[in-house]
Amino acid sequence: MEPGWVKINTYSIVVEAEIVRQMLIENDIPAVVVNKQDVYVRFGNVELYVQQENEAAALQLIDQQSNNPVD
């Protein structure tokens, strides 16, 4: 990953990582998903990165979202 970006979470399901990435982008926090899963068996991790200066805000948004899920 490029310098200045930090991993804030790891997922096993690509869609979950993409949903969180989209939520961050909608809140003006650039985010990148790095899919490290094997293409054929879907085994491995999917990592979510944000720029270092946005780490605290991103983690706060993720925490708020997990405490207040949409019905």
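Scroll up to find the structure.
Below, the structure is looked at part by part.

So, how was this worked out
Residues numbered from 1 in each chain as written. Predicted model: local features only at pLDDT ≥ 70, side-chain atom pairs only at ≥ 80, totals over all residues. Heavy atoms only, no water. Core = buried A, V, L, I, M, F, W, Y, C linked by side-chain atoms within 4.5 Å. Buried < 20%, exposed > 50% of the residue type's maximum accessible area, 1.4 Å probe, protein only. Helix = DSSP H or I, 4+ residues; strand = E, 2+ residues; numbered from the N terminus. Expected span 1.5 Å × (residues − 1). Arc of directions from axis to C-beta. Contact = heavy atoms within 4.5 Å.

1. Topic: the nonpolar core
Moving on, step 1. Ranked by internal contacts, the top residues of the largest apolar core, which has 16 residues, are Ile-8, Val-20, Leu-24, Leu-48, Val-50 and Ile-62.
Moving on, step 2. Elements with a minimum of two residues in this core: strand E1 (5–11), helix H1 (14–26), strand E2 (31–35), strand E3 (46–51) and helix H2 (55–67).
Moving on, step 3. If you tally residues by element for this core, the top one is H1, at four residues.

2. Description of H2
Moving on, step 1. If you check H2, its first and last C-alpha atoms are 18 Å apart, about what 13 residues at 1.5 Å a residue would give, namely 18 Å.
Moving on, step 2. Within the span of H2, buried status applies to Ala-58, Leu-61 and Ile-62. The buried residues of H2 all sit within an arc of 95° when viewed along its axis, so they share a single face. The exposed set on the far side of H2, more than 90 degrees from its buried face, consists of Ala-56 and Asn-67.
Moving on, step 3. Lining the buried residues of H2 we find E1, H1 and E3.

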